[in-house]
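Chain by chain, the residues:
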Amino acid sequence: MKAPLKFKRRPATALVAMANSLSMGDPIPKGDLSRIIGAVVSDRAERAALLAAIRAANDPDCGLAVADLLIAFATEAAEAEAQARDADQVIGQWAQRLAAGALLASFGAAIAGTVTGGLAFGLILLSFSGFIFATASRIGGRVKMRHRAQERDSAETLARHVLEAGKLGADGK
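Anyway, here's the lowdown on the structure attached to this text. (Residues numbered from 1 in each chain as written. Predicted model: local features only at pLDDT ≥ 70, side-chain atom pairs only at ≥ 80, totals over all residues. Heavy atoms only, no water.)

**Quick notes on helix α2 (residues 30-41)**
Then, number 1: The first and last C-alpha atoms of α2 sit 16 Å apart over twelve residues, in line with the 16 Å expected at 1.5 Å per residue.
Then, number 2: Every buried residue of α2 is listed here: Leu33, Ile36, Ile37, Gly38, Ala39, Val40 and Val41. (Helix = DSSP H or I, 4+ residues; strand = E, 2+ residues; numbered from the N terminus. Expected span 1.5 Å × (residues − 1). Buried < 20%, exposed > 50% of the residue type's maximum accessible area, 1.4 Å probe, protein only.)

**Focus: the nonpolar core**
Side chains of nonpolar character tend, in soluble globular proteins, to be buried together.
Then, number 1: Formed by 26 residues in total, the largest nonpolar core has its most connected members in Leu15, Ile37, Leu50, Val66, Leu70 and Val162.
Then, number 2: Contributing elements (two or more residues each) for this core: α1 (11-23), α2, α3 (44-56), α4 (62-112) and α5 (117-167).
Then, number 3: For this core, the element with the most residues is α4, which contributes seven residues.
Then, number 4: Apart from residues lying up to four places away in sequence, Leu15 is in contact with Leu33, Ile36, Ile37, Val40, Leu50, Val66, Leu69 and Leu70. (Core = buried A, V, L, I, M, F, W, Y, C linked by side-chain atoms within 4.5 Å. Contact = heavy atoms within 4.5 Å.)

**Things to note about the packing of α1 against α4**
Then, number 1: It is at 9 Å that the axes of α1 and α4 come closest, and there the two elements cross at 100°. In this view, α1 runs roughly perpendicular relative to α4, as classed from their interaxial angle. On α4, the residues that touch Leu15, Val16, Ala19, Asn20 and Leu22 of α1 are Cys62, Ala65, Val66, Leu69 and Leu70.
Then, number 2: Grouping the amino acids of the contact of α1 with α4 by side-chain chemistry returns nine nonpolar, one polar and no charged. (Axes fitted to C-alpha atoms, helices over the stretch in contact; angles between N-to-C directions. Parallel < 35°, antiparallel > 145°, perpendicular 65-115°, else oblique. Nonpolar A, V, L, I, M, F, W, Y, C, P; charged D, E, K, R; others polar.)

**Side note on a nonpolar patch on the surface**
Then, number 1: Residues Phe107, Ile111, Phe121, Leu125, Phe128 and Phe131 make up a contiguous nonpolar surface patch of about 610 Å² in total accessible area.
Then, number 2: Elements supplying a minimum of two residues to the nonpolar patch: α4 and α5.
Then, number 3: It is α5 that provides the largest number of residues to the nonpolar patch, a total of four residues.
Then, number 4: Within the element layout of this structure, Phe107 appears in helix α4.
Then, number 5: For Phe107, a relative accessible area of 34% gives the class partly exposed. (Patch = residues over 30% accessible without salt bridge, like charges linked within 9 Å, V, L, I, M, F, W, Y side chains within 5 Å. Areas by Shrake-Rupley, 256 points an atom, 1.4 Å probe, with all protein chains shown as cover. Salt bridge = Lys/Arg side-chain N within 4 Å of Asp/Glu carboxyl O.)

**Examining the environment of Asp32**
Then, number 1: Tracing the backbone shows Asp32 in helix α2.
Then, number 2: When the C-alpha atoms of Asp32 and Leu15 are compared, they prove to be 9.9 Å apart, with 17 residues separating the residues in sequence.

**Structural notes on the pattern of salt bridges**
Then, number 1: Evaluation of the coordinates by the stated rule reveals six salt bridges.
Then, number 2: The salt bridge involving Arg152 is made with Glu156; its shortest N-O contact spans 3.9 Å. Taken together, the positions of Arg152 and Glu156, both in helix α5 and four residues apart, correspond to about one turn of that helix.
Then, number 3: Through salt bridges with shared partners, a single network forms among Glu81, Arg85, Arg152, Asp153 and Glu156.

Shape descriptors only; they carry no functional weight alone.
Here it is as structure tokens:
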């Protein structure tokens, strides 16, 4: 499990402050913004705190700015997810082909008698490790894709909730 990120203030209120700063033209480091948005979308309490912070904000356009940041984050996460999917597919196919070729070559060498005894057995075990590597790389890629998809879905859903919260008046209607 990942260690929780340390922030000077609550990530939800930091995101609202950053959105306000951006709307005034102040520059904000992109890495900090991505880390804060990631912390907000990955924690249920932070998502609730974000909605409360937007409702309490003095700027009525704050919700629009935060929603725009969340949508941009979701778009970046979708692009990263697509790149990971492409890489997973290419790496997986080539790793499987390489492992299958090595296995066939080792069986062929063992059957033909080119390599015998323990060397043949070791060569066959080595080629099986290629299958294990291919499987492990695919599993690791799938975990990353699933995590990015969850971040993207959370950011998109939160952006919709932020926009809905911004539509409510000060009296809650």
